[in-house]
Amino acid sequence: VQVVESGGGLVQPGGSLRLSCAVSGSGFTIYVMGWYRQAPGKQRELVARITNDGSTDYEDSVEGRFTISRDNAKNTVILQMNSLKPEDTAVYFCNAEYRALGGGSYWGQGTQVTVSS
């Protein structure tokens, strides 16, 4: 299984970035796709997630600024991040959950997002 992320980088406060993730090679239906982030010295936290019927959840601090979307047929997920703040700086990880065989998840390698002037 391959989980390929792209779109991280350096942006000024107030700017935008778009993260993409594609999952390929899974023999299982992907039910939930999401993005997590981990800042230095902090635990990994959920940023946003979306089910295969389109239901979404957002971490409180990104609500209204970030938008998650997905293409079920292609097993891809997009995180559009607007009005970025320095506290959004972190490594962002793509996650894809399946339910077969007791359930499990796939993780991407992470992409760095840095918000700084």
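Keep in mind that what you see is a predicted model, and the values were worked out from it rather than measured.

**Student:** Sorry, what's going on with the sheet that holds strand 8 (residues 76-81) here?
**Tutor:** The strands that make up a sheet pair up through hydrogen bonds in the backbone, lying either parallel or antiparallel. Here 4 strands make up an open sheet; going across it, the order is 1-3-8-7 and the pairing antiparallel. Since the sheet does not close on itself, it has two edges, and those belong to strand 1 (2-6) and strand 7 (66-71), each with one partner. Strand after strand, the sheet turns through a mean of 15° between neighbouring axes, direction not considered.

**Student:** Explain the layout of surface pockets to me, please; I cannot follow it from the model alone.
**Tutor:** Over the atoms, a rolling probe the size of a water molecule traces out where space has been left empty. Its boundaries defined by the atoms lining it, the largest pocket holds a volume of some 180 Å³. Forming the boundary of the largest pocket are R37, Q38, A39, K42, Q43, E45, P86, E87, T89 and A90. Residues that form the lining of the largest pocket fall into these classes: 3 nonpolar, 3 polar and 4 charged.

**Student:** I would appreciate a short explanation of the environment of T76 in the present structure.
**Tutor:** In this structure, T76 sits in strand 8. C-alpha separation for the pair T76 and A96, spaced 20 residues apart in sequence, amounts to 9.5 Å. Excluding residues within four positions of it along the chain, T76 makes contact with C21, A22, M33, S69, R70 and D71.

Thresholds, definitions, all that
Residues numbered from 1 in each chain as written. Predicted model: local features only at pLDDT ≥ 70, side-chain atom pairs only at ≥ 80, totals over all residues. Heavy atoms only, no water. Pairing = 2+ DSSP bridges. Helix = DSSP H or I, 4+ residues; strand = E, 2+ residues; numbered from the N terminus. Axes fitted to C-alpha atoms, helices over the stretch in contact; angles between N-to-C directions. 1 Å grid on protein atoms, 1.4 Å probe; cavity = no way out; pocket = protein on both sides within 12 Å on 5 of 7 lines; lining within 4 Å. Points joined across faces, edges and corners; volume = space filled by probe spheres on them. Nonpolar A, V, L, I, M, F, W, Y, C, P; charged D, E, K, R; others polar. Contact = heavy atoms within 4.5 Å.

Geometry only, nothing functional implied.
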